[in-house]
Each structure stands twice: as structure tokens, then as C-alpha cells.
Amino acid sequence: MAAARPLRHRSDALPARVDDVTNRFRWRAMRALGLCRWLLGGTVRALGPGAATASSAPSPQDGVTVEVLDHLERLALVDFRDAEGVERLREAVRFAERLREVNTEGVEPMDSVLEDRCLYLREDDVTEGSCTAELLKNAREKVEEYFVAPPGNIPLPELEERDTFLKEKLPH
Amino acid sequence: YRRGQPLGELDGIPIAVKDNFNTAGIETTCASNMLKGYISPYNATVVQKLLDGGAVLLGKTNLDEFAMGSGSTDGVFGPVRNPWSYSRQYKEKIVPRSDSEPENSNWVITGGSSGGSAAAVSAFTCFAALGSDTGGSTRNPAAHCGVVGLKPTYGLISRHGLIPLVNSMDVPGILTRCVDDAAVVLGSLAGHDPKDSTTVQDIFQPFALPSLTDVSKLSIGIPKEYHAPGLSSEILAVWSKAADLFKNAGAKVVEVSLPHTHYSIVCYHVLCTAEVASNMARFDGLEYGHRSDMNKSTESMYAATRREGFSDVVRGRILSGNYFLLKQNYEDYFVKAQKVRRLIANDFVKVFGSGVDILLTPTTLSDAVPYVEFIKEDNRTRSTQDDILTQAANMAGLPAVNVPTALSGRGLPIGLQFIGRSFQEKQLLTVAKWFEKQVQFPMIHYLSYICEAAFFHPQRACKVSGSLKN
């Protein structure tokens, strides 16, 4: 679906009725070019530093492998729970593919709508605090003035040992 | 009280606040298991300003979990019912589907995610309510509940204390029954806050809205891309009628083009999930909120806490956001979305630069749908469908207001949206007030057994500033 778009872009620029010979030739050449691009799975934009994956740009769904899903679960520390969760991610990626249609040549990314204003910075003085008791009220595990955490520096177990839906997707 | 002087214009006025604003000593849950039982230690700046002005906090209103959604159906406290579902106007028009169907099953949603706030204002339980607006979350329920929903310019009102969803697009929203009230509430909330560095330092002067009589100097833009696929014919008709209303009154009505409107929802989808992935990282159970009993290691405790605390919707967005932020995807998705955002913002700059003062667009694609219909599609699909008309104003940080305009064939409210220039809320609300006066949106009529109390009297239902003088 995503790969079919380049063809549409090309044909948009073409005359509706191709009468004379030169135009017909040009039209056939463009179709051939478009067809080649489509076969290679190419997209309209030039391959830049972002396309780190394969030399022939892959289908976006190739990016959603079990390794990537496992990596995401570790990064986010939330789990996919079931197949629906994975499907939701695939849908999201499919939806985001539409961004490729837009030509953003020479456009700077925008972080904030207030980018042309100076950020307000106040003096580095302590103006409030001493509310330890209040803040500790909401913590479940605490000892004196400390939040208590379980032992750290223990990485999350590997996929095989974790209790997660993705285990079923591992190749056996 | 003792001195016999009101604290401000809002002294004694009941106000409701959406449950993602921190309120000291009061449970703030964001309709999520993650924050159930969390008693906030401080007041959000906007809440503090309201309380300082003497407003009476009536309660915290229901929402979609963490303000993610467009129906107010996905919070842990359950869906919000639109008060108009119980109105005479709606009940008279319902065609019962079958005899075996229980009487209460065709109630409609409020829209989201500030559905609770909109319902509270619409049902006459309070004079004004605070919502939050990230992709239309104030204007969408305002349209479905027949109330005025104002989204101020980004940077005008402080976000300190508003549990963030998307830091670069969130704003506190104001829901009231008439435009004058919205201006009054805006007057007490707007202004620089040292605790929120994204508020602008310009001095804000609260204003009273002039009553516009002459619109001939006004230029109204009608963006053609807002005639989105799926727009109901009723809303299209109302939109056209509104444009004619302005034309007949002497204003200049022009068709304009915002070519990147179609991409705003995709752009929002990427930026929102990316920022959500970052903002939700603070919920680990250690300092506040739900904490799992898993104690093997910090990481596994975090993972278990987040698994138990977040719903499917929130988890889905976090995971999508993390995907778009992966090193191999960063340029393709996140940076690309930021570039598209600039294109969208530039579209608006161009249009406003060409002499258009206000844009007039529909707010929603249709009137409120019944709950049983709404839940047939999942949250993400619904959000992409429903936010399509409101989203672009958040991208560009522009002020926008929904004004209830007419009732649909099913007896439910339809609203129209006005989008104005940055920080020009006075102009925006002045035009909105003129329009509100022209359309004379009908009041909700409950069936007689519910209530015939005096406070349904139309003159007292509105004009906060007027009632103080009585």
C-alpha cells in the first residue's frame, strides 16, 4: 500500500490524454521508471541517514520484528499483553507512513510554537522546599526520609525468562 | 466574606476541574489505575488562581485515561454520558430500535477527552469547568454537549500542575455556557507564571467583550480542506449557513486553503505518541501512584507497576512512541513529523497574513454518536477520525473556540469552530460572541420529572458578571 504511492505522484504530473508520439514515449519511460521504483520498494524521498535498515528500502512492517518488540518492551517497561497490542503498533506504523508523502525539502523541524521567543529563566535561588513530609505521603514504601526501591543494577530478564506475550513469537 | 468585598469576579462561582489538574488534598487520578489514591500535594496554578479568586471547586470531572481519547469512554471510572441524551429534544426524536431494548441504551457520548467537564457545564451543575486541550479535547466535547469550549493560545495560560500529555501542544481549556463567561474565566487564568517556563512574559490585560454591531470590517476565512470526507451533511449545511450569516451582515467571506491539513492528524499521531512515551516515563510507582508488589529488582518492579497501572490505550501509545523514537526511526518519523508541523504552522501564518482575521470551520464530523456505536472502533481509530478538524490549531498553537450553533436532526448539539491569530483572544471571542447572539442556540430541556428548579431560568444560566451585581 505504502509503496504504491510513488506511482501516483508521477502520474499526477502527466497529461491526461497522450496524443503525440513524444509524449507517449515520455509517458512510457516514466511508467517504466515508476515501475522499477515500485519493484525496488523505493519511496519518493532520497535515502538519507535515516534509512539505516536495508539498501533497498524495506516495507515499514519489516521494522516490527520480535527483536524490536522485545527492545521496545525493555525501553518502555510496558508490555504488549496480547496480539492485539502488537497489531495496534503495526497499525500505528502503517498510519505514520503517510508522512512520507509530504515534501519537506529544506524545512527545519519545529520543536515549539514559541521558538522565536526567549525562554524565561529565573535566578538560581531557592524559593520553596522543605516539604519532605508532604511528598513522602504518597509513596508506598519509605524508610525515614527515603523512598525504598527494590535492588537495582539487575537487568530485566531476557525474553525467554520473562512472563510476556512475546515469548510465543520466538522462533523455536 | 467578612469584609463584604468579593475576592474577584469569580467569587462564589461553582467551578469543576478536569481530573488531570493537581488539586491539593484532593485525589487526582487522571482516570487511571496508576494514580488511584494519589492525593496531590499542591494546586495547579490555574486551580490556585481560581481558588484565589473565590471560585468554589465543585469536584473533579471524568475524562479519558490521561486525556487520551476522543469520547471520554476510556477512563477507569467508566464512560461519561452526555446530558443531552436525557433532554426532551433528543428523546423526542429517537426511533426505538426494538421493544426488547432497555430504555437507557441509546445514550450518546460526550466526546473527549474533557467529557466530564463539558457534561458538568451542560447539565447546569457548575458555571464553568476546566478542561485540557491537546488535539481538540476541549472543543470536541464542547460541540457534542452544546457548550462554549475555548482553547487559548499556547503559552497564555500556565500548564504548571496539569499532568502533561504532549508538552508542546497541551493547554488548559475553558468550558462555559456562553462566550462572556469564557472571557471572564480567561481573564483570571491568563498571564505569565514563573513556574511554567513555556508561558510568555507579555503582560496580559483581562478584557470585557465589546458587543459587536458592525462586522463589515471583518474577513472570515473558510478553509476548503476542512470539508473532510465523513463530514455529515447536517454540519455542512450549518457551516454554510454560518458563512452566509456573516456575508449577509457585511463581512468579507473568502475561501482559503490550508494545504497540509490532511497531514496534521498523522503528524499529531507521531508527535503525541513520542511525547507521551517520554511523559509517562515518570510513573514508576516509587514516589507516588500505584506500586506493584513485585520486588525482585527495580526494573521488574517498574515493569510490573506499569503493566498493572496503565490501560491498553496508554500502553499502546507509549510503545508506538518509543518505536518512533528508536535510533533507526527517529529521522523518518519524529523529525519528519516536526518538519510537517512547521509546514502546517506556516499555512496558518500565510492565511492570516493575507488579511483573513478569523477562520470558520466545523468542530466535529457529526453530532454525538450513541455509546454502543462509538465502542465498535478502537480508541486510536476514533481519535484519528474525530480530531481531524480540531487538531491543526494545536499544531500551530493558535486560539480556537467552539460555539454551539444549532441542533441536529436527532436533537443533539452541533458546534462551529473559530480559529484566531496567536494571542488575539479578544478579537476571537468578540466575533464568537456576535455569532452566538445571532444563532440563539436553544437551551437544553430536561423531561419534567428531572427538575424544574429556578436555576434553569435562561437569564440566570448565563452572564456570570451580571449575576454578581444582583
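Computed from a predicted model, the values in this text were never measured in an experiment.

Draft legend 1. Structural view of the UniProt feature "active site" (unreviewed entry) in chain B. All names here are of chain B. Listed under "active site" (unreviewed entry) in the UniProt record, and renumbered for this structure, are Lys18, Ser113 and Ser137. In sequence the annotated residues extend across 120 residues, while in space they remain close, none of their C-alpha pairs exceeding 11.2 Å. Examined against the element boundaries, Ser113 turns out to sit in the loop between α2 (88–93) and α3 (115–122). A relative accessible area of 0% places Ser113 in the buried class. Not counting residues up to four positions away in its chain, the partners in contact with Ser113 are Lys18, Asn62, Leu63, Asp64, Ala67, Gly69, Ser72 and Ser137. When you line up the elements, Ser137 lands in the loop between β3 (128–133) and α4 (139–145).

Draft legend 2. Layout of the nonpolar core. Residue and element names in this part refer to chain B. One finds Phe66, Phe246, Tyr323, Phe348 and Phe418 to be the most contacted residues of the largest nonpolar core, which totals 138 residues. In terms of residues, this core owes the most to one element, helix α7 (residues 261–279), which gives 11 residues. Grouped together as the second largest cluster of nonpolar side chains are 10 residues, Ala16, Ala118, Cys126 and Val147 included.

Draft legend 3. Highlighting the UniProt feature "domain: Amidase" (unreviewed entry) in chain B. The positions UniProt marks with the feature "domain: Amidase" (unreviewed entry) are residues 4–88 and 104–429 of chain B. Taken end to end, residues 4–88 of chain B has its terminal C-alpha atoms 42 Å apart, with 11% of it in helix and 13% in strand.

Draft legend 4. Inspection of the interface of chain B and chain A at higher detail. Listed by partner, the interface residues are 73 residues for chain B and 61 residues for chain A. Both faces considered, chain B and chain A share a buried interface measuring about 6,000 Å² in area, 60% of it formed by carbon and sulfur atoms. Viewed at the interface, chain A and chain B are joined by 6 salt bridges. Arg342 of chain B is paired through a salt bridge with Glu115 of chain A; the nearest N and O atoms lie 2.9 Å apart. Linking chain B to chain A there are 25 residue pairs in polar contact (both at pLDDT 80 or more). A breakdown of the residues in the side of chain B that touches chain A according to their chemical character gives 32 nonpolar, 23 polar and 18 charged.

Draft legend 5. A look at the sheet that holds strand β6 (residues 219–223) of chain B. All names here are of chain B. Strand order in the open sheet made by the 10 strands is β2-β1-β3-β5-β4-β9-β10-β8-β6-β7, with mixed pairing throughout. Two strands lie at the open edges of the sheet, namely β2 (56–61) and β7 (252–256), each paired on one side alone. Averaged over all adjacent pairs, the angle separating strand axes in this sheet is 25 degrees, with direction ignored. In the packing of helix α5 (residues 179–189) onto the sheet, contacts are made with β3, β4 (148–151) and β5 (171–176), and the angle to β5 comes to roughly 145 degrees. Where helix α10 (residues 330–353) meets the sheet, it contacts β7, β8 (358–362) and β10 (413–419), and its direction lies at approximately 125 degrees from that of β8.

Conventions we followed
Residues numbered from 1 in each chain as written. Chains lettered and ligands numbered in written order. Predicted model: local features only at pLDDT ≥ 70, side-chain atom pairs only at ≥ 80, totals over all residues. Heavy atoms only, no water. UniProt positions renumbered as here; feature names shortened; annotations may be inferred. Helix = DSSP H or I, 4+ residues; strand = E, 2+ residues; numbered from the N terminus. Buried < 20%, exposed > 50% of the residue type's maximum accessible area, 1.4 Å probe, protein only. Contact = heavy atoms within 4.5 Å. Core = buried A, V, L, I, M, F, W, Y, C linked by side-chain atoms within 4.5 Å. Buried area = accessible area lost by both parts, 1.4 Å probe. Salt bridge = Lys/Arg side-chain N within 4 Å of Asp/Glu carboxyl O. Polar contact = N/O pair within 3.5 Å; in protein donor to acceptor, adjacent residues only side chain to side chain. Nonpolar A, V, L, I, M, F, W, Y, C, P; charged D, E, K, R; others polar. Pairing = 2+ DSSP bridges. Axes fitted to C-alpha atoms, helices over the stretch in contact; angles between N-to-C directions.

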